[in-house]
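# A closer look at the structure
Now for the letters of each chain:
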Amino acid sequence: NRLYEKNVKFSQEIVEKTSPLMSVLLTWILPTVVIIGLGQLLLRNMQKKMMGGGGNAMTFGKSNAKVYVESTTGIKFKDVAGQDEAKEALTEIVDFLHNPKKYTEIGAAMPKGALLVGPPGTGKTLLAKAVAGEANVPFFSISGSEFVEMFVGMGAAKVRDLFKQANEKAPCIVFIDEIDTIGKKRDNGGIGGGNDEREQTLNQLLTEMDGFDGKKGVMILAATNRPEVLDKALLRPGRFDRRIPVELPDLAGREAILKVHAKKVKLESNVDFNQIARATSGASGAELANI
Ligand code: ADP
């Protein structure tokens, strides 16, 4: 009243009382929902990690081999410089994938797989892609290490799934890079009793290679730079019975590789490839591409 009398302006915000229902919601239900949500998120993350990116329990044990269709490889033999011997050996495979009838009619059996052997960076992957590109067939590529999983039996399941996919897409090429990671000799009794998972994966691979029908046109190419550690069973006829050496390029090969890669860059007219090739003895294709 005294303020009114003196004509003083004054104000006060009206505080709304929260309803009891609202306060229960805020103090009990909201935190619970947040915690459960967080838990779910963590769980899902963990599952994703365990399944190698599958993310869903349904993809458990599915191979994550990528499917390359013809347009994406697009690499032809002309993109691989040098390596004439390897190319010649692979031409036969291309021919078989083109017209398998020619071979089956006379009862000839084609090799089921070929092993590309050579130091790193010499173009093994490139050659396998070129075979797919030349034959115009799908190209499945997987690295040996991708088969090795946390749980025993998952690698084997992946092998099974990979071959199932490949059989559906036949004729096609399956390329296994670094096959030595799963194809090591199975003789490690020693400490820890060896690696069960790896062994099972290898066994499954051997079984699948025996099992599938070579006439359908599934060709398995594998690459390794350590052929001496491979299990004998992998190398016997009917499996990887062909060995295609992919060696470091010689002088002419180096020059050719330099030329292939120089096509993509602008050059001064006085660049002498022969001179560079002479100065880089022992360099691999990858190193030359880098230069
Ligand atoms: P590897 O599988 O033998 O380790 P890659 O096939 O992956 O080697 O080769 C790596 C890179 O080196 C290729 O992408 C390519 O650019 C280059 N390269 C290697 N060899 C050759 C070659 N003979 N001709 C052209 N490029 C090559």
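Residues numbered from 1 in each chain as written. Predicted model: local features only at pLDDT ≥ 70, side-chain atom pairs only at ≥ 80, totals over all residues. Heavy atoms only, no water.

### Comments concerning the overall build of the chain
The test is simple: Helix and strand assignments follow DSSP, with helices taken as H or I runs no shorter than four residues and strands as E runs no shorter than two, numbered in order from the N terminus. Residue contacts follow a heavy-atom distance rule, with two residues in contact if any of their heavy atoms lie within 4.5 Å.
If you tally the helices and strands in the chain, you get 14 helices and 6 strands. Across the chain, every contact between residues at least 6 apart in sequence was considered, and the portion connecting residues at least 24 apart equals 79%.

### What about the confidence of the model for the chain?
So the rule is basically this: A residue's pLDDT is the confidence the predictor assigns to it, expressed on a 0 to 100 scale.
Of all residues in the chain, 87% attain a pLDDT of 70 or more, and the chain-wide mean is 82. Between the elements of the chain, mean pLDDT differs from a low of 54, seen in helix H3 (residues 70-73), to a high of 92, seen in helix H13 (residues 273-279). When the criterion is pLDDT under 50, residues 53-57 qualifies, and its contacts beyond four places in sequence or with other chains add up to 6 contacts.

### Regarding the nonpolar core
Under the convention used in this document: Within this scheme, the nonpolar core is defined by two criteria: the residues are buried Ala, Val, Leu, Ile, Met, Phe, Trp, Tyr or Cys, and they are joined through side-chain atoms within 4.5 Å. Under the scheme applied here, a residue whose accessible area is under 20% of the maximum for its type counts as buried, over 50% as exposed, and between as partly exposed, the area being computed with a 1.4 Å probe on protein chains only.
In this structure, Leu90, Ile93, Val131, Ile173 and Leu221 are the most contacted members of the largest nonpolar core, which totals 28 residues. Aside from chain neighbours lying at most four places away, what touches valine 131 is Phe77, Leu90, Ile93, Val94, Ile173 and Leu221. Residues Phe163, Leu205, Phe212 and Phe240 belong to the second largest nonpolar core, which totals 26 residues.

### So, the site of the ligand
This is how the line gets drawn: Nearness is judged by heavy atoms alone; a residue qualifies as near a molecule or strand once a single heavy atom is within 4 Å of it. Definition of a polar contact: a pair of N or O atoms within 3.5 Å, with one able to donate and the other able to accept a hydrogen when the atoms are protein atoms, and with sequence-neighbouring residues admitted only if both atoms are side-chain atoms. Computed with the Shrake-Rupley method and a 1.4 Å probe, the accessible areas treat only the protein chains shown as cover for residues. Amino acid classes used here: Ala, Val, Leu, Ile, Met, Phe, Trp, Tyr, Cys and Pro are nonpolar; Asp, Glu, Lys and Arg are charged; the rest, including Gly, are polar.
By nearness alone, 16 residues border the ligand, and Ala81, Gly121, Lys124, Thr125 and His261 come closest of all. Glycine 123 has a polar backbone atom sitting 3.2 Å from an oxygen atom of the ligand. Within the contact set of the ligand, an oxygen atom lies 2.5 Å away from a side-chain nitrogen or oxygen of threonine 125. Relative to its unbound accessible surface of 560 Å², the ligand loses 78% to contact with the protein. Residues of the shell around the ligand, tallied by class, amount to 7 nonpolar, 7 polar and 2 charged.

### A closer look at the packing of aromatic side chains
The condition is simple: By convention, a stacked pair of Phe, Tyr or Trp rings (six-membered ring in the case of Trp) has centres within 6.5 Å and planes under 30 degrees apart, an edge-to-face pair has planes over 60 apart, and any other such pair is tilted.
In the structure shown here, the tally under the stated rule is 3 aromatic pairs. Here the aromatic rings of phenylalanine 96 and tyrosine 103 are separated by 5.6 Å at their centres, their planes lie at 75°, and the arrangement is edge-to-face. By relative accessible area, which is 15% here, tyrosine 103 ends up buried. Judged by centre distance (6.0 Å) and plane angle (20°), the rings of phenylalanine 139 and phenylalanine 175 are stacked. Of this pair, phenylalanine 139 sits in strand E3 (residues 139-143) while phenylalanine 175 sits in strand E4 (residues 172-177); the two residues are 36 residues apart in sequence, bridging distant segments of the chain. An identical accessibility class is assigned to phenylalanine 139 and phenylalanine 175; each is buried.

### So, the environment of phenylalanine 273
The residue phenylalanine 273 is located in helix H13 in this model. For the pair formed by phenylalanine 273 and alanine 262, sequence separation is 11 residues and the distance between their alpha carbons is 9.4 Å. Beyond its immediate stretch of four places on either side in the chain, phenylalanine 273 contacts Glu255, Leu258, Lys259, Ala262 and Leu267.

### Some points on the pattern of salt bridges
Cut-off, in case you're wondering: Counted as salt bridges are all cases of a side-chain nitrogen of Lys or Arg within 4 Å of a carboxyl oxygen of Asp or Glu.
Applying the stated rule across the entire model yields 7 salt bridges. For the salt bridge of arginine 226 with aspartate 180, the shortest nitrogen-to-oxygen distance reads 3.4 Å. Of the two residues, arginine 226 is situated in the loop between strand E5 (218-224) and helix H11 (232-235) and aspartate 180 in helix H9 (residues 180-183); the sequence distance between them amounts to 46 residues. A single salt-bridge network, built from bridges that share partners, covers Asp210, Arg236 and Arg239.

### Remarks on the pairing of E3
Note the threshold: We call two strands paired when DSSP finds no fewer than two bridges between them.
Buried residues dominate E3, accounting for 5 of its 5 residues. Here E3 shows no split at all, with Phe139, Ser141 and Ser143 on one side and Phe140 and Ile142 on the other all buried. Where E3 and E4 come together, 5 bridges link them in parallel fashion. The partner of serine 143 across the bridge, within E4, is aspartate 177.

### Overview of the pairing of E5
Along any regular strand the residues' side chains alternate between the sheet's two faces. Burial runs high along E5: 7 of the 7 residues are buried. The side-chain alternation of E5 yields two buried faces, one formed by Val218, Ile220, Ala222 and Thr224 and the other by Met219, Leu221 and Ala223. Two elements, strand E2 (residues 113-117) and E5, share 5 bridges in a ladder whose sense is parallel. Within E5, the position partnered with leucine 116 by the bridge is alanine 223.

### Structural notes on a nonpolar patch on the surface
What counts is decided by this rule: Candidate patch residues must exceed 30% relative accessible area and have no salt bridge, after which like charges are joined if within 9 Å and Val, Leu, Ile, Met, Phe, Trp or Tyr side chains if within 5 Å.
Nonpolar side chains collect at one region of the surface, where Met22, Val24, Leu25, Leu26, Trp28, Ile29, Leu30, Val33, Val34, Leu38 and Leu41 lie side by side and expose about 1,100 Å² of accessible area between them. Among the secondary structure elements, leucine 26 is positioned in helix H2 (residues 20-50). What makes leucine 26 partly exposed here is its relative accessible area of 48%.

### Focus: unusual backbone geometry
With a phi angle near 60°, asparagine 7 is a residue other than glycine that sits in the positive phi range. Inspection of the secondary structure puts asparagine 7 in the loop between helix H1 (2-5) and H2. A relative accessible area of 71% means that asparagine 7 is categorised as exposed. One non-glycine residue, glutamine 83, lies in positive phi territory at about 50°.

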